[in-house]
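Here is how the chains run, residue by residue.
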4 protein chains.
Amino acid sequence: MSSIKKVVLAYSGGLDTSVIVKWLQENYNCEVITFTADIGQGEEVEPARAKAQALGVKQIYIDDLREEFVRDFVFPMFRANTIYEGEYLLGTSIARPLIAKRLIEIANEVGADAISHGATGKGNDQVRFELGAYALKPGIKVIAPWREWDLTSRETLMAYCERNNIPVDFNKKKKSPYSMDANLLHISYEGGVLENPWTEAEDDMWRWSVSPEAAPDKATYLDLTYEKGDVVAINGERMSPATVLTYLNKVGGENGVGRLDIVENRYVGMKSRGCYETPGGTIMLRAHRAIESITLDREVAHLKDSLMPKYAEMIYNGYWWSPERKMMQAMIDQSQEYVNGEVRVKLYKGAVHVVGRRSADSLFDEKVATFEDDAGAYNQKDAEGFIKLNALRMRIAANKGRVLK
Amino acid sequence: MSSIKKVVLAYSGGLDTSVIVKWLQENYNCEVITFTADIGQGEEVEPARAKAQALGVKQIYIDDLREEFVRDFVFPMFRANTIYEGEYLLGTSIARPLIAKRLIEIANEVGADAISHGATGKGNDQVRFELGAYALKPGIKVIAPWREWDLTSRETLMAYCERNNIPVDFNKKKKSPYSMDANLLHISYEGGVLENPWTEAEDDMWRWSVSPEAAPDKATYLDLTYEKGDVVAINGERMSPATVLTYLNKVGGENGVGRLDIVENRYVGMKSRGCYETPGGTIMLRAHRAIESITLDREVAHLKDSLMPKYAEMIYNGYWWSPERKMMQAMIDQSQEYVNGEVRVKLYKGAVHVVGRRSADSLFDEKVATFEDDAGAYNQKDAEGFIKLNALRMRIAANKGRVLK
Amino acid sequence: MSSIKKVVLAYSGGLDTSVIVKWLQENYNCEVITFTADIGQGEEVEPARAKAQALGVKQIYIDDLREEFVRDFVFPMFRANTIYEGEYLLGTSIARPLIAKRLIEIANEVGADAISHGATGKGNDQVRFELGAYALKPGIKVIAPWREWDLTSRETLMAYCERNNIPVDFNKKKKSPYSMDANLLHISYEGGVLENPWTEAEDDMWRWSVSPEAAPDKATYLDLTYEKGDVVAINGERMSPATVLTYLNKVGGENGVGRLDIVENRYVGMKSRGCYETPGGTIMLRAHRAIESITLDREVAHLKDSLMPKYAEMIYNGYWWSPERKMMQAMIDQSQEYVNGEVRVKLYKGAVHVVGRRSADSLFDEKVATFEDDAGAYNQKDAEGFIKLNALRMRIAANKGRVLK
Amino acid sequence: MSSIKKVVLAYSGGLDTSVIVKWLQENYNCEVITFTADIGQGEEVEPARAKAQALGVKQIYIDDLREEFVRDFVFPMFRANTIYEGEYLLGTSIARPLIAKRLIEIANEVGADAISHGATGKGNDQVRFELGAYALKPGIKVIAPWREWDLTSRETLMAYCERNNIPVDFNKKKKSPYSMDANLLHISYEGGVLENPWTEAEDDMWRWSVSPEAAPDKATYLDLTYEKGDVVAINGERMSPATVLTYLNKVGGENGVGRLDIVENRYVGMKSRGCYETPGGTIMLRAHRAIESITLDREVAHLKDSLMPKYAEMIYNGYWWSPERKMMQAMIDQSQEYVNGEVRVKLYKGAVHVVGRRSADSLFDEKVATFEDDAGAYNQKDAEGFIKLNALRMRIAANKGRVLK
């Protein structure tokens, strides 16, 4: 265990990663460099500096990655209408590759030979961090204390803190019974009473949104402007990617939008119950489909739909930094050239309703689609041949006596 | 045009198909047999008998197909979590193959050489009727008057009625500005102001659901019981398939659930704006995913997800009676063996929230998934090897100098 | 039929398209512009000029499109390892979009309002020509004489020739009993005795290759050099795309390589028996897979494989000029960045054997793969965790009593 | 290491697994039960009995599994036209799940708490054995000596033999420089000079087939009879599954058929060069496609093709005993109902040529497909509408100014 000289730790400033700082110093006898990122988790990151210093850390990185997160990770993912297992908007999954990338950049800057993180050995996050790290720097050593140490119960952890003078009152608030994770796209809850998938989540668990019952009695309308598949303005006002998502989270949360309660399949092989709040993402998913509905060719849209589950799986499983994800992204991005225009959504007590969409690049052709006289834009007689030839193979089979059961 | 002797017409009892009766008699000089089905459209079918008799029809078929519709068409489709283009629950699409089948059965019974329907040459329904008919009886002749006649405006149609003594006051109510279609799964609206996709649908258009704003201020909870992927009981009470859907439509509609406003891509090549109310279907889609989430293997679920868009396309395009749909159904049905258990949903002002799921066939393993001590059910150290080998190909590539861009 | 002023005809110089020139002049009373392309069919195109002139054509286009054909159509298709229905190398399919494109370019140059072609109403080629034309110039009128006229038997056609002084001895050679089509990628045979799929093709049918039995008793070795997925040199000598394919056709044909006898499914709904000679293509397909086998990431390769049938279907069905084909091409081309290196193949009496492959961009890592001591490049113990976690979902299911049948 | 009482070992009778017997006895202090199967590897299995007895084994299982192997594993796989990465016929992969199943059956019979095998930690076979074992008996312990012990070089292994009186002259023949594996479907070669993928395999490596050059100068014709997708007779003579494959291997090998030299991607993450002889399988793959070409619906065939790579991956990666493989098999088997008839193939100097196919269930319709007069079986005018509607979406896009690049 002694060959490591410098390790870059993804440091939240919380108790667990503070213990890891000390544990790494002790067990690997190495210098620990901490890295704390603001990816929109909604907590100050600057306090992490003093905490790290108190633990004897000399090199401390604190970065605001919110714009990069939304621009280079969240938005590309939403171009594909990505959802995992029909429900999950991948809020945690999409943040991990950015952390992995930054860990490796810092490791390169400071000449570290290892990185470390606070993810457990049961979850997906360890996979996402480590696959990213290995893809970006194949010789890197990864230290995952939760897979190594014996501090596996709250008691042993607390005892360790006491022995090592790690202040345990980092959070004065009562400890949440849930394991949580947050970034600009979502906040997640696992554990506690949620471990029984029949038990309804308690209303005071949710932090980012009001309950639908408590939401305003009057609907809120929003106009989203799209360029090449990304939201660039809301109600006519241009905004940066992170500002767009921050704004949508706020308005969505006020209207009770974006709560989700699911059982999902982890990459490591088990089922897990999670609750998520993704107000802005929930709005963007519906709105993006709506703008695509008038600007995308049918077969392009269907091809995207048929590949989406695979793309979602790649992100969920931690393969953002893989060649296959990039290959698929090339196709997705190519498809968005004309995905421009406006979508109007109505938010009301937990639901998002799309009520209008328009675009200078619309392929909706009123002249053809109309129930009224189309002035010859479409020849109804063409349909007969279309149907006849599409039916031919089935007619031949039936003629040969094949029976449909 | 004279070789046809008997034609079976899908007859709604409305003005358009009444005109078709007369037009077929006149233009093909043939006997017209009418077929009217109750598939849950919410209107009496018996009055169609007198109307047909008044038009000189001698053989009149009036069938209640509601149970068959839900049992053999709607439920099998929902086993696949089927949605077209990410939004549409295929309410119209799934009813057409049943009508096609019954038309052909009647044609066989009465010795008819043709069938006829009232679908226009611009839509999907002509395709669905005719592909089904050709697949089931390859030598059948199909007469689609809207593709043949010159009664293409309201005026010419009315003049024809007058000339032929067809009473035009069949519906005393003011004519709806929308083209509508209904069955137990949904009601649809097209045309009128909807032809501009930016215009919000007017609130008085919707017929099956109250607006979310008008829905009760208190949520409604439902427990759905599943057996092999189908709902067999609600709140503990066993029900037939059609009763299940009728019940869910009622409760869903009362809570403003199931409104949808989309632009979809028709098989005949154009985009079309449609509004739909699918209260029961909207509940069933979410609930079915929820029961699958604890009972289905991960890879089975992902395989189903990756094939669903193709399956939805088959149904949308009218290929229910095709060998490829049946082949895929064999796989879907095989996957549902253990999809048993209960799902609890909460309906509130237009939204469906899944709040609990349980099953004797659950694959959710609390011992493995827990954040607490798992008593050795899972060895966290296994994760290291899992990640290392999954990363190997990317590490080799990076070692060879491949750069990720 | 009189509104057409100028029509551009895809003119082979053969009897059928000569009749079409006259028929168009007569029936549409319009000017006919002929277009004859050398796409490597192996016949002189210049003689078409005199024949067209004799038919009164004033504007005559004769183009050598061989390089464009291979560079922009054949090579991009081979990057995907494209085969239709497991066997067919799409030799005819891939040439049609180029003809369609050139027809439209000429129509634009001469201000024509229509194009015409000699494909029958039963085949795929009409679809490929016309889908391309409509995609590139949506208002173009397409005249397909075989779908319109009554010259449907050899006799009526001959009588027409006599009436119109069209010389029928264009080909002095005895008329082949087969319908044939050729370009640089292949030559095809349909019809005649082939219409019975049990009858073996006669040996004197084949034109481009010797029979395997007649091929040399000594194998021929070739080294193919790849850059970004395309062959750029053979046996170390750089060549243009058309030269590469010409060379491979010659050597392949001499070794009896590339004969294929299949029953395929046409887009218009029927099964059809065809025989093909594709010497160069057969070599390139195997060699391209071989160079990819050492340079492509596993998951990229598998993703390509899973999409290939869809891509092949697009080309077969005539959707080269569609947005979905271009979207997929973006992905395919992106994947080829590192597909560089050399492949050695052995041609012998009808078979192609890959015997070696090497690349500066190889991902084959002898240190990892070796059966000998790998000096720590791979830790065999990692496999245990890898297997354990991959098995976890199945173990949980078995523990819950799920029985595998 | 002491908790194991009984272990069932997959025992070949060779040196390596003989060492494992002793090593297990020593290191786990447990009873070893050996299991040796005849799956057509071409070596006597009975001699394994004496060898095992000499090592002190009391319970010895020797089974002839050839019929089960072909009937329940090889044939179902060939129904899908399965090939991995475009080339590999999965000869090794498909045998492993049968061994895993039998190991578990024996473990259940003798009350063993563990199984063991001689596969290394670098290969796919360990994964295939163990995934199968865990799926069938989740609590089983697996001992993989190659991942545990220190006998990793030839020298240490030989020293171990000497210390433990294990006779090393089991094989009097000179040790092959290749790592080989054989069963009724194929024989494989890895290692040695093959570790350089540019080096051509030496001709004396191949054991099952003559070189194409040494094959007869006269072609051999075979008629294969199919029922529900499986070969049931050759040249009119009914045979059991194993007899079919034995026969085809013999005739194929005599004609130099079935040699393959590839670089493949292992599931554990590395590329590996392998050479294979699969004479019978190579014939069956081509012939099965041929019988499907006349009996399978187009869309069914295309759906099978699009899923085949996924199915092949499942088998290659060891997921035969997974729910997703069984789900997919349900679909594949359903598709084979009408895959009946005869295929004629010609074998000549390394190549397989399909020359004819016929079936009472043929969907090939000569009346429709003919180039001659079809007596109205097909209306060519239908093609116009077919093309027009298929082109509509592209025409609308072009009309709206979308430019194809």
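Residues numbered from 1 in each chain as written. Chains lettered and ligands numbered in written order. Predicted model: local features only at pLDDT ≥ 70, side-chain atom pairs only at ≥ 80, totals over all residues. Heavy atoms only, no water.

## What to know about the relation of the copies chain A and chain B
For step 1, the next point in the chain: Taken as rigid bodies, chain A and chain B are interconverted by a rotation of 180 degrees and an axial shift of 0.0 Å, the fit giving an RMSD of 0.0 Å. Here the symmetry operator amounts to a two-fold rotation axis.
For step 2, the next point in the chain: Of the residues that chain A buries at the interface, 100% are likewise interface residues in chain B, meaning the two copies contact each other through the same surface. (Least-squares fit on C-alpha atoms with pLDDT ≥ 70 in both. Contact = heavy atoms within 4.5 Å.)

## As for the nonpolar core
For step 1, the next point in the chain: Phe 69 of chain A, Phe 69 of chain B, Phe 69 of chain C together with Phe 69 of chain D are the most contacted members of the largest nonpolar core, which has 420 residues in total.
For step 2, the next point in the chain: Excluding residues that lie within four positions of it along the chain, Phe 69 of chain C makes contacts with Ile 39, Val 74, Ile 94, Ala 95, Leu 98, Asn 183, Leu 184 and Leu 185 of chain C. (Core = buried A, V, L, I, M, F, W, Y, C linked by side-chain atoms within 4.5 Å. Buried < 20%, exposed > 50% of the residue type's maximum accessible area, 1.4 Å probe, protein only.)

## Here's the deal with the packing of helix α1 (residues 15-28) of chain C against helix α7 (residues 154-163) of chain C
Residue and element names in this part refer to chain C.
For step 1, the next point in the chain: Close contact between α1 and α7 brings their axes to 11 Å; oriented N to C, the two are set at 65 degrees. In terms of crossing hand, the pair formed by α1 and α7 is left-handed. Within the contact between the two elements, α1 uses Leu 15, Asp 16, Val 19, Lys 22, Trp 23 and Glu 26 and α7 uses Arg 154, Leu 157, Met 158, Tyr 160 and Cys 161.
For step 2, the next point in the chain: Split into classes, the residues belonging to the contact of α1 with α7 amount to 7 nonpolar, no polar and 4 charged. (Axes fitted to C-alpha atoms, helices over the stretch in contact; angles between N-to-C directions. Helix = DSSP H or I, 4+ residues; strand = E, 2+ residues; numbered from the N terminus. Left-handed = near helix turned anticlockwise from the far one by under 90°. Nonpolar A, V, L, I, M, F, W, Y, C, P; charged D, E, K, R; others polar.)

## Thoughts on the interface of chain A and chain B
For step 1, the next point in the chain: Contacts between chain A and chain B engage 106 residues on the former and 106 residues on the latter.
For step 2, the next point in the chain: Both sides of the chain A and chain B interface together cover about 9,600 Å² of buried area, and 56% of this is carbon and sulfur.
For step 3, the next point in the chain: Run the count over chain A and chain B and you get 8 salt bridges.
For step 4, the next point in the chain: Note that Arg 286 of chain A and Glu 87 of chain B form a salt bridge whose closest N and O atoms lie 3.1 Å from each other.
For step 5, the next point in the chain: For the pair chain A and chain B, the interface holds 44 residue pairs in polar contact (both at pLDDT 80 or more).
For step 6, the next point in the chain: With 12 residues, the single largest contributor to the side of chain A that touches chain B is helix α13 (residues 382-399) of chain A.
For step 7, the next point in the chain: Classifying every residue of the side of chain A that touches chain B gives 44 nonpolar, 22 polar and 40 charged. (Buried area = accessible area lost by both parts, 1.4 Å probe. Salt bridge = Lys/Arg side-chain N within 4 Å of Asp/Glu carboxyl O. Polar contact = N/O pair within 3.5 Å; in protein donor to acceptor, adjacent residues only side chain to side chain.)

## Observations regarding the pattern of salt bridges
For step 1, the next point in the chain: Following the criterion strictly, the structure yields 136 salt bridges over all chains and no others.
For step 2, the next point in the chain: Here the residues in one salt-bridge network are Asp 63, Glu 68, Lys 101, Arg 102, Glu 105 and Glu 109 of chain A, joined through shared partners.

## Regarding unusual backbone geometry
Among all residues except glycine, the phi angle is most often negative; among peptide bonds, the trans geometry is most common.
For step 1, the next point in the chain: A positive phi angle is found at Lys 228 of chain A, which is not glycine, with a value near 45 degrees.
For step 2, the next point in the chain: Among the secondary structure elements, Lys 228 of chain A is positioned in the loop between β8 (220-227) and β9 (230-234).

## Some words on helix α7 (residues 154-163) of chain D
Residue and element names in this part refer to chain D.
For step 1, the next point in the chain: The complete set of buried residues in α7 reads Leu 157, Tyr 160 and Cys 161. The arc enclosing the buried residues of α7, seen along the axis, measures out at 100 degrees, which places them on a common side. Away from the buried face of α7 by more than 90 degrees, exposed residues Glu 155, Glu 162 and Arg 163 are located.
For step 2, the next point in the chain: In this structure, the buried side of α7 is in contact with α1 (15-28). (Arc of directions from axis to C-beta.)

## Considering the packing of aromatic side chains
For step 1, the next point in the chain: For the coordinates displayed, the defined rule picks out 50 aromatic pairs over all chains.
For step 2, the next point in the chain: Here the aromatic rings of Trp 23 of chain C and Tyr 28 of chain C are separated by 5.9 Å at their centres, their planes lie at 65 degrees, and the arrangement is edge-to-face. Comparing Trp 23 of chain C with Tyr 28 of chain C shows no difference in burial state: the two are buried.
For step 3, the next point in the chain: Connected via pairs of aromatic rings, a cluster forms that spans Tyr 267 and Tyr 319 of chain A, Phe 386 of chain B, Phe 386 of chain C together with Tyr 267 and Tyr 319 of chain D.
For step 4, the next point in the chain: Directly above the ring of Tyr 316 of chain A sits Arg 128 of chain A, whose terminal nitrogen or CZ lies 4.8 Å from the centroid. (Phe/Tyr/Trp six-rings, centres within 6.5 Å; stacked < 30°, edge-to-face > 60°. Lys NZ or Arg CZ within 6 Å of the ring centre and 35° of its normal.)

## Comments concerning the UniProt feature "binding site: L-citrulline" (unreviewed entry) in chain A
Residue and element names in this part refer to chain A.
For step 1, the next point in the chain: In the UniProt entry, the feature "binding site: L-citrulline" (unreviewed entry) is given for Tyr 88, Ser 93, Asn 124, Arg 128, Ser 179, Ser 188, Glu 264 and Tyr 276.
For step 2, the next point in the chain: As for its placement among the helices and strands, Ser 93 is situated in the loop between α3 (66-78) and α4 (96-110).
For step 3, the next point in the chain: With sequence-adjacent residues up to four places away left out, Ser 93 is seen in contact with Tyr 88, Arg 128, Ile 315 and Tyr 316.
For step 4, the next point in the chain: Take Tyr 276: it is sitting in strand β12 (residues 271-277). (UniProt positions renumbered as here; feature names shortened; annotations may be inferred.)

## A closer look at the side chain of Asp 223 of chain B
For step 1, the next point in the chain: Tracing the sequence through the fold places Asp 223 of chain B in strand β8 (residues 220-227).
For step 2, the next point in the chain: Among the polar contacts made by the side chain of Asp 223 of chain B, one reaches the side chain of Arg 344 of chain B at a distance of 2.8 Å.
For step 3, the next point in the chain: Excluding residues within four positions of it along the chain, Asp 223 of chain B makes contact with Trp 198 of chain A together with Ala 233, Ile 234, Asn 235, Glu 342, Val 343 and Arg 344 of chain B.

## Quick word on the domain arrangement of chain A
All names here are of chain A.
For step 1, the next point in the chain: Each domain of chain A was delimited in the assignment, giving domain 1 (4-64 + 89-162) and domain 2 (177-294 + 337-356).
For step 2, the next point in the chain: If you average the C-alpha positions of domain 1 and of domain 2, the two centres end up 28 Å apart.
For step 3, the next point in the chain: Listed per partner, the contact involves 15 residues of domain 1 and 17 residues of domain 2.
For step 4, the next point in the chain: When domain 1 packs against domain 2, close to 1,200 Å² is buried across both sides, 59% of that on carbon and sulfur atoms.
For step 5, the next point in the chain: Per-residue buried area on domain 1 facing domain 2 is highest for Leu 89, Lys 122 and Asn 124; these three make up 41% of the total on that side. (Domains from an automatic or database assignment.)

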